[in-house]
Amino acid sequence: MKYIAYLIVFLLFTSYLLNNNSVNGNQIKPGLGNDLSKRRGYLIDIIKKVGFLKLPISYDILKADYEPKYVTKRDSIDSLFFESDIEKVFGILPDTSQYYGVLYYQVGDLLYPKILTIDKHGSIIDRKELCINVCGAPVEVDSSINRFEIDNDLNIKSYFYCHGKVQANDNDPNMIEVSEKMQGIGKITRNGKIEFIVREY
């Protein structure tokens, strides 16, 4: 009988702690299932709004001559997947059995292209920026290239080239010629991970 009494007290105390947590500042967070359900619903909604892209694609980052299909909003459900206040969603990469790939642009001094991969339940897998460098001050630019490509097999290539002149140093007003080339090579794997390596050449 004493054992049963102890058990009843323990159960009542546990119930009290759970109820207390649910009504004070340390509220129990919603279950993971509810969170994933919200993510899944949002993902389906975004896909309906922006649609799927046709591969291959090739874009000049410097021109950014395209119309976004969707623009994220500050302090909204968009923060489930997107990092900053305003990002422009260009489209969804062709459907795979394991994940969705979202091509979007983060707004800055340029529109910086990124790929976000999300599994079919709405969990983020990976994220990579495709702009590998920027050509600008203090270089006086006379020629530059900044572009990326994604082929039918989800292989990724990014190109960067900058040529111009820059002041030799603070004490020397003479200008010297500078030139830089970089290439990023990678792919989206079958499980949605984005492999991407940048090298100078």
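Keep in mind that what you see is a predicted model, and the values were worked out from it rather than measured.

Cut-offs applied
Residues numbered from 1 in each chain as written. Predicted model: local features only at pLDDT ≥ 70, side-chain atom pairs only at ≥ 80, totals over all residues. Heavy atoms only, no water. Salt bridge = Lys/Arg side-chain N within 4 Å of Asp/Glu carboxyl O. Helix = DSSP H or I, 4+ residues; strand = E, 2+ residues; numbered from the N terminus. Buried < 20%, exposed > 50% of the residue type's maximum accessible area, 1.4 Å probe, protein only. Phe/Tyr/Trp six-rings, centres within 6.5 Å; stacked < 30°, edge-to-face > 60°. Lys NZ or Arg CZ within 6 Å of the ring centre and 35° of its normal.

1. Let's talk about the pattern of salt bridges
Then, number 1: Following the criterion strictly, the structure yields six salt bridges and no others.
Then, number 2: Measuring nitrogen to oxygen at the nearest pair gives 3.5 Å for the salt bridge that ties Arg127 to Glu83. A residue pair is termed long-range when its members are at least 10 positions apart, and Arg127 in strand E6 (residues 124-129) and Glu83 in the loop between strand E2 (70-71) and strand E3 (87-92) qualify at 44 residues.
Then, number 3: With relative accessibility at 48%, the residue Glu83 sits in the partly exposed group.
Then, number 4: For Asp126, the salt bridge goes to Lys193, with nearest N and O atoms at 3.9 Å. You can see Asp126 sitting in strand E6 and its partner Lys193 sitting in the loop between strand E9 (172-188) and strand E10 (194-200), a full 67 residues away along the chain.
Then, number 5: Salt bridges sharing common partners tie together Glu83, Lys114 and Arg127.

2. With respect to the packing of aromatic side chains
Then, number 1: In this structure the tally under the stated criterion is five aromatic pairs.
Then, number 2: Both rings, one in Phe90 and one in Tyr105, keep their centres 6.3 Å apart while their planes meet at 85°; by these two values the pair is edge-to-face. In this pair, Phe90 is assigned in strand E3 and Tyr105 in strand E4 (residues 99-107), connecting sequence segments 15 residues apart. The same class applies to Phe90 and to Tyr105, which are both buried.
Then, number 3: By the ring-pair criterion, three or more aromatic residues cluster together here, those being Tyr59, Phe90, Tyr105 and Phe148.
Then, number 4: Directly above the aromatic system of Phe90 lies the positively charged group of Lys69, at a separation of 6.0 Å from the ring centroid.
Then, number 5: The lysine or arginine in question, Lys120, covers the ring of Tyr100, its NZ or CZ lying 4.6 Å from the ring centre.

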